[in-house]
There are 2 protein chains.
Amino acid sequence: MHNVELLAVARGEQPADLVLRNGRLVNVLSGDIEVTDVALYGGRIAGVGAGYAAIEEVDLQGAFIAPGLIDAHVHIESSLCLPAQFAAAVVPRGVTTVAADPHEIANVAGWGGGPRAAADPQKIASGAGVAGVRYMAECSRNLPLQVVLMAPSAVPATHMETSGAALSAEDLADLLEEGTVHGLAELMNFPGTVQGDPEVLAKIAAFSGRPRDGHAPALSGQLLNAYAAAGAGSDHECATVAEAAEKLARGFYVLIREATNARNLRPLLPLVNERNNRRICFCTDDRMPGDLLTQGSIDYIVREAISFGIEPVTAFRMATLNSAEWFGLHDRGAVAPGRRADLMVFEDLRAPSATHVYAGGRLWAEGGRLLNEKSLAQASVPAAVSSSVRVAWDGFDLRIPATGAHVRVIGSVENQVLTEERILKARIEDGQAVADPTRDILKMAVVDRHTASGSTGLGFIQGFGLRRGAIAGTIAHDHHNLIVIGVDDESMTTAARTVAEMGGGLAISDGSESLAALPLPVAGLMSDRPLGVIRSDYDALLDAAHEFGSTIYDPFMAMSFMALEVIPKLKLTDQGLVDVEAFSFVDLFIEE
Amino acid sequence: MHNVELLAVARGEQPADLVLRNGRLVNVLSGDIEVTDVALYGGRIAGVGAGYAAIEEVDLQGAFIAPGLIDAHVHIESSLCLPAQFAAAVVPRGVTTVAADPHEIANVAGWGGGPRAAADPQKIASGAGVAGVRYMAECSRNLPLQVVLMAPSAVPATHMETSGAALSAEDLADLLEEGTVHGLAELMNFPGTVQGDPEVLAKIAAFSGRPRDGHAPALSGQLLNAYAAAGAGSDHECATVAEAAEKLARGFYVLIREATNARNLRPLLPLVNERNNRRICFCTDDRMPGDLLTQGSIDYIVREAISFGIEPVTAFRMATLNSAEWFGLHDRGAVAPGRRADLMVFEDLRAPSATHVYAGGRLWAEGGRLLNEKSLAQASVPAAVSSSVRVAWDGFDLRIPATGAHVRVIGSVENQVLTEERILKARIEDGQAVADPTRDILKMAVVDRHTASGSTGLGFIQGFGLRRGAIAGTIAHDHHNLIVIGVDDESMTTAARTVAEMGGGLAISDGSESLAALPLPVAGLMSDRPLGVIRSDYDALLDAAHEFGSTIYDPFMAMSFMALEVIPKLKLTDQGLVDVEAFSFVDLFIEE
């Protein structure tokens, strides 16, 4: 019995696999820095303290040892890479566990692959969405990174879209039962939660006794009370200290998020004090390849927190023990006997940067680079995720016959996923409403790419700044249909076809010419290549878009939120223009 | 669906059952005192904050509201009363949850009742001990006190005793499976744990993912590492700051104990600081009726901690949230929406004493007195626990034929459960070794009361100070056989018979006369009467013992540890004199 040997090592009667000597242990349990040795055996911590013999010994010469960092909430898909490549990027930085919500792939990968004849959302059998979740679980096995999957709680987001999947409470319960997921991922349908929607409550009930993450931007007062009473236990959407303080006081763990597109760290750090930090964690939510590679992951947040003035041991606690406690992962989050030997070794307590990272007792990274990268076995890519783009090209038509003089234009605001509704005079040519780049009014299309139904939503958008060409992609939260924004129909069609031919991805085109493209063949969301390669392709896309006049830092990311019909005010899905506040479709043309 | 209504109340759309207005909330989540209202519905907190209407309203006029207190480790049996009477004693003080280890009754109540013909410990079928645990669960239903039962992990303590029960790993797993227990109670067999005893490891494994309490006095260094690695997660045996600090650093929750017979609070309070208090809790372990009635329970510890200088919110955290987190009882431990409405209302933050106590949303106590005491339904007492004293009186003989001039005498030391081995000259009369009160050498007997086997251990003890008479009882840790200490055989026999005739209890006698007695008919451990009555009887016993010359503050409690063969040095069981360090029987007489 393995445990018997671990105990013998702990007692000092049998040599450890490895002893790290002369370390300065960041003891998140006691709150102190402790000069000591750490003995590892069978992937776990056997003992802390002097007197351990081992097969291998490393003299740390006073370097610091912290528990492996935990990302309390992340969508790996947002990094555009598969779990193995994600691990290769974050493990060398000291991140050894992530609570991952495979929400994006779950929305896409429900069909089981193969073309489908007709689009009938009613036919999306309950349970169709589990393929994507199971695939992410499969991809996450045997990595140095522990990927703790949370069950996506809001698939699809609404019924005003053609979705690739639907996950019922029973489906989620099955995923829990089979051990694929650990808890319930962010309850994004917070209005439904608060109002006691039976299907949402059923999902919550299915995860009784399990961590159930919340997601409730700006929710406050009695509605926040209801959200807590319903069972949501955390929130990563806080934007202000006041909001976060209220949520803490009502029982939520506050997961401070520093994503690429939502940077809450600096605004929220003043919240942290000695009395409340035990219920505050760190998360990245969505980080683009560039940010992951340049800034980092949770390690970056820890450095920022320390540089802000948070006591280093406290910063590490928020990045380790607190998250472990929120998720009930009591086998990690601290360096103590019996826990997983996930360790981050570093030199500078004021700016921790991993020199060596141990995961499950094994040295997996050194000097910021993963060792044995080739040993990361990649799961095969099943049809459910490899053939996810199914567009009805017959009858594909982006023309908008003018039926009025004014149109509802989506007003995109930089660095916001909220949009405005702008009533503007349409530019009409030959009886068709067309883009007007002189007023930065571009045409936008959202095309069903799940069921090849031909369902296509058409409209106009302001704020992207393209003077020519078009951008397209299969990343369009949450349904991830094919989304296109451009100046003319030919460029838009080229970009859309380029994306589809790659099996999903991002592209930019000019007329009939494809200028740059990033293939994302896994569910149209992820690449199977290394993060550095993805980043290069991505940079080429951004360069081309900026060359064409876009003033947005990342127009592809901005585009990906323009079809998300749960965030106000005006959004476009493949089924039409949605007034989010009214929760209903509206006409493109204004009745006059 | 009940939850739907709770949410409607939380949203302010339906009146609450009760609103407590103008309270000062001890918010253990944020660490702050918050002036606010608290709305209750269906036994739970619906909302915190202004604006709630309710069927009933109470103006607290600035009184404090804290979460109901949690006792992190208690043996209810030590209070000599049943759970209902225990609840009547502690709920008015603000204690609304206890993690109870029914270890004492589990050791006794295994037979299922009725006399047994022969004593064959081998015949104690595995599982025989579950009757007592189930009975405690039955007794604990529908009380204002939430009794969270932990599975006794060391029944019997050793095989050098005749036990009333035996609990295997499978038995404990069954108790968990059926929902009778929540976790694994104190792993008292810490040597076996550390050494990897397969049966102990099997018990630990059966409670994977569950709280597993430790018990490891003075364990340190590598052996402590092994104890942690094995899975023990808490310890309530710390006696010094250094010991507690080491245990905290190795991952143990430290449960600071203030029992009647082990007062660790003042010595350990200097340990507490802002960095480490999150993993420190409070417990009472064993409190006699007098201490419960005079000092109190966890409320007493909170007051003592505050008077020592611990910040009040921190003291409450240790008495509420921390214990809830250790046990994974996330539905309590704080006043927040969705949690149990267990509340302690009090006036003075520097010396909190409950004026009103709500349990499960209902006002259960006011001014220190339980309301509706008669509503506490008492479970029927099954034969397994009501007929637990079975002594073979035929052949009952306390004489000790002298086979040498010197004897091993148990040296009792006041306020210690440890004893010494003292080699003393025997007083011999008519060929029999007898007590010698002039040297405070008394005779001691331990008689099998479980199987009526006649098994009787005889010896001598020093330190009790009786000049005449005898004391007897059926409380004798952990086997709880019939134990007698006295000056002469007649007094001893009278006391023993008095106890047996009551179906268990405590008694003091002089010659053929019984002077005072406390019946404990439930398993020979507990009374079914109120705590005040028990205390009166108990005081009469103590008075009589002191009148007879005993210099010990509580000779009955002291006696109860003299047969506990796992605590050094010399102890007596019904099977003979045990040298605990040698873990074997030794002869009473010294070979010369």
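Going by the structure above, here's the rest.
Heads up: these notes are all about the structure in this document.

Each value, and the rule that gives it
- Numbers given for residues are sequential positions, taken from 1 along each chain in its written order.
- To label them, take the chains in the order written and letter them from A, then take the ligands in the order written and number them from 1.
- Local features in this predicted model are restricted to residues whose pLDDT is 70 or higher, and side-chain atom pairs enter the listing and the counts only when it is 80 or higher, whereas totals over whole chains, interfaces and linings include all residues.
- By convention in this description, side-chain values take in all heavy atoms of the structure and omit both hydrogens and water.
- Being paired, for any two strands, means DSSP has found at least two bridges between them.
- Where helices and strands are cited, they refer to DSSP runs of H or I of at least four residues and of E of at least two residues respectively, numbered from the N terminus.
- Lines fitted to C-alpha atoms define the axes here, with helix axes fitted over just the stretch in contact, and angles between the N-to-C directions of these axes take values from 0 to 180 degrees.
- Whether a residue is buried, partly exposed or exposed follows from its accessible area with a 1.4 Å probe, protein chains only, as a fraction of its type maximum: under 20%, in between, or over 50%, in that order.
- When checking whether two residues touch, look at their non-hydrogen atoms; a contact exists if any pair is within 4.5 Å.
- Here the buried area means the combined drop in accessible surface, using a 1.4 Å probe, for two parts upon being joined, counting both sides.
- Throughout this description, the term salt bridge denotes a Lys or Arg side-chain nitrogen within 4 Å of a carboxyl oxygen of Asp or Glu.
- Each polar contact in these results corresponds to two N or O atoms within 3.5 Å; when the atoms are within protein, one needs to be able to donate a hydrogen and the other to accept it, and residues that are neighboring in sequence are counted only if both atoms are side-chain atoms.

Residues and elements named next belong to chain B. Read from one edge of the open sheet, three strands run β28-β29-β30, paired in antiparallel fashion. Lying at the two open borders of the sheet, with one neighbouring strand each, are β28 (570-573) and β30 (584-586). This sheet shows a mean twist of 45 degrees between the axes of neighbouring strands, independent of strand direction. Sheet topology note: the strand β29 (residues 576-579)/β30 ladder contains three bridges and is antiparallel. Counted as the bridge partner of V578 is F585 from β30.

For a regular strand, side-chain orientation follows a simple rule: the groups alternate between the two sheet faces. Residues and elements named next belong to chain A. For strand β2 (residues 32-41), the buried fraction is high: seven of the ten residues fall into the buried class. Bridging between strand β1 (residues 16-27) and β2 involves eight bridges; their strand directions are antiparallel. Paired with V19 across the bridge in β2 is A39. Count of turn residues in the β1/β2 antiparallel hairpin: four residues, of which G31 carries a positive phi of about 90 degrees. Note: β2 against strand β3 (residues 44-48), four bridges, orientation antiparallel. Bridging from a neighbouring strand, L40 pairs with I45 of β3.

Let's shift gears to helix α8 (residues 221-230) of chain A. Residues and elements named next belong to chain A. Burial analysis of α8 places seven of its ten residues in the buried class, which makes it a mostly covered element. Listed as buried for α8 are L224, N225, A226, Y227, A228, A229 and A230. Looking at the residues trailing α8, positive phi occurs at G231, about 125 degrees.

In this section: the interface of chain A and chain B. Taken residue by residue, the interface counts 53 residues in chain A and 53 residues in chain B. Together chain A and chain B conceal approximately 4,200 Å² of surface at their shared face, both sides included; 47% is due to carbon and sulfur atoms. Its largest share of buried area at the contact with chain B, chain A owes to R11(A), R275(A) and R278(A), together 18% of the area lost on that side. The interface formed by chain A and chain B includes eight salt bridges. Between R278(A) and E325(B) there is a salt bridge whose closest N-O contact spans 3.1 Å. In this structure, the connection of chain A to chain B is made through 26 residue pairs in polar contact (both at pLDDT 80 or more). Among the secondary structure elements, those contributing two or more residues to the side of chain A that touches chain B are α1 (2-10), β2, β3, α6 (190-194), α8, α9 (241-249) and α14 (321-327) of chain A.

On to the sheet that holds strand β29 (residues 576-579) of chain A. Residues and elements named next belong to chain A. Strands sit in the order β28-β29-β30 across an open sheet of three strands; the sheet is antiparallel. At either margin of the open sheet sits one strand with a lone partner, and together these are β28 (570-573) and β30 (584-586). With strand direction ignored, the average angle separating the axes of adjacent strands in the sheet is 45 degrees.

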